[in-house]
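Chain by chain, the residues:
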Amino acid sequence: DVSKENVHYNDIMALVERGIIEGYGNGVFGPADSIQRGHAAKIIAGALELDTENVEDPKFNDVPQTHPMYKYIAALANADIVDGKGGNNFDPEATLTRAEMAKIITVAFELTGEAEEEFTDVEGSWAKAYISTLLANEVTTGKTATTFAPAEDVKREQLASFVVRAEKAADKEVIEPTPVDPTPVDPTPVAPTPVDPTPVVPPTLDATADKLVANLE
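Residues numbered from 1 in each chain as written. Predicted model: local features only at pLDDT ≥ 70, side-chain atom pairs only at ≥ 80, totals over all residues. Heavy atoms only, no water.

1. Some words on the environment of asparagine 89
Then, number 1: Among the structural elements, asparagine 89 can be located in the loop between helix H3 (70-78) and helix H4 (98-108).
Then, number 2: Between the alpha carbons of asparagine 89 and lysine 59 there is a distance of 8.7 Å; along the sequence they are 30 residues apart.
Then, number 3: Leave out the neighbours within four places in its chain, and asparagine 89 touches Phe60, Asn61, Asp62 and Gly84. (Helix = DSSP H or I, 4+ residues; strand = E, 2+ residues; numbered from the N terminus. Contact = heavy atoms within 4.5 Å.)

Structure representation (structure tokens):
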């Protein structure tokens, strides 16, 4: 159910090849379905290659150790990426909102920065700073050129692209300019031209007298 014409196709396939997403287990991915918080935890924990076996129980009231998504949620909680909702609940079957996604992706991939432009519908949103960071790192372009729709659900196909873009943004390295080495100065001193130590022999008196005589002639 994921055609090559789907704009998220390459990102979905990239995560499939790495074993990070498997769909619903029946050959169906459900790209346009809203993603549940528990399923999002599995994808993000997989992308980060977190240890999901040796985890400490975060003791969310609604995520017992028998829950199918327990180890992924616990791994994210242990890494301080998620802290659940109020009342010590995680709400794993609830759909993930775009605002919640912005925070989780920003924290998970340690993204920084602030966009120069702002979406017109995030003023007053608790996730405004996280959304700005995603925009600055080109992880999101918004629902439209000017809006982000923070309260809307994240679709399964969209999360695949958010994760892949965040990975690329996190891997960017700041390339420092190569310093230009100054032209080396030859330390070898220039040897002065040697002076001939042979003394100049003054003419003899006889030769001087002969020259005077010649001048008088």
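2. Here's the deal with the packing of aromatic side chains
Then, number 1: Considering all chains together, one arrives at 3 aromatic pairs under this definition.
Then, number 2: Taking 5.5 Å as the distance between ring centres and 40° as the angle between the ring planes, the aromatic pair formed by phenylalanine 60 and phenylalanine 90 counts as tilted. Separated by 30 residues along the polypeptide, phenylalanine 60 in the loop between helix H2 (37-48) and H3 and phenylalanine 90 in the loop between H3 and H4 bring together distant segments of the chain.
Then, number 3: Ring centres of phenylalanine 119 and phenylalanine 148 lie 5.7 Å apart, and the angle between their planes is 35°; this geometry places the pair in the tilted category. With phenylalanine 119 in the loop between H4 and helix H5 (128-136) and phenylalanine 148 in the loop between H5 and helix H6 (156-171), the pair connects residues that are 29 residues apart, well separated along the chain.
Then, number 4: The buried category is assigned to phenylalanine 148, whose relative accessible area is 0%.
Then, number 5: When the ring centre of phenylalanine 148 is taken as reference, the NZ or CZ atom of arginine 98 above it lies at 4.4 Å.
Then, number 6: Here the guanidinium or amino end of arginine 156 rests over the ring plane of tyrosine 24, the centre of that ring lying 4.3 Å away. (Phe/Tyr/Trp six-rings, centres within 6.5 Å; stacked < 30°, edge-to-face > 60°. Buried < 20%, exposed > 50% of the residue type's maximum accessible area, 1.4 Å probe, protein only. Lys NZ or Arg CZ within 6 Å of the ring centre and 35° of its normal.)

3. Describing H5
Then, number 1: By the burial criterion, the buried members of H5 are Ile131, Ser132, Thr133 and Leu134.
Then, number 2: Of the surrounding elements, those touching the buried residues of H5 are H4.
Then, number 3: With its phi angle positive at about 60°, glutamate 138 sits one or two positions after the end of H5.

4. Some remarks on the packing of H2 against H4
Then, number 1: Packing of H2 against H4 leaves a shortest axis separation of 11 Å and a crossing angle of 20°. Classified by the interaxial angle, the pair formed by H2 and H4 is roughly parallel. Between H2 and H4 the crossing geometry is right-handed. Listed contacts from H4 to Arg37, Ile44 and Leu48 of H2 are Glu100, Ile104, Ile105 and Ala108.
Then, number 2: Considered class by class, the residues forming the contact of H2 with H4 number 5 nonpolar, no polar and 2 charged. (Axes fitted to C-alpha atoms, helices over the stretch in contact; angles between N-to-C directions. Parallel < 35°, antiparallel > 145°, perpendicular 65-115°, else oblique. Left-handed = near helix turned anticlockwise from the far one by under 90°. Nonpolar A, V, L, I, M, F, W, Y, C, P; charged D, E, K, R; others polar.)

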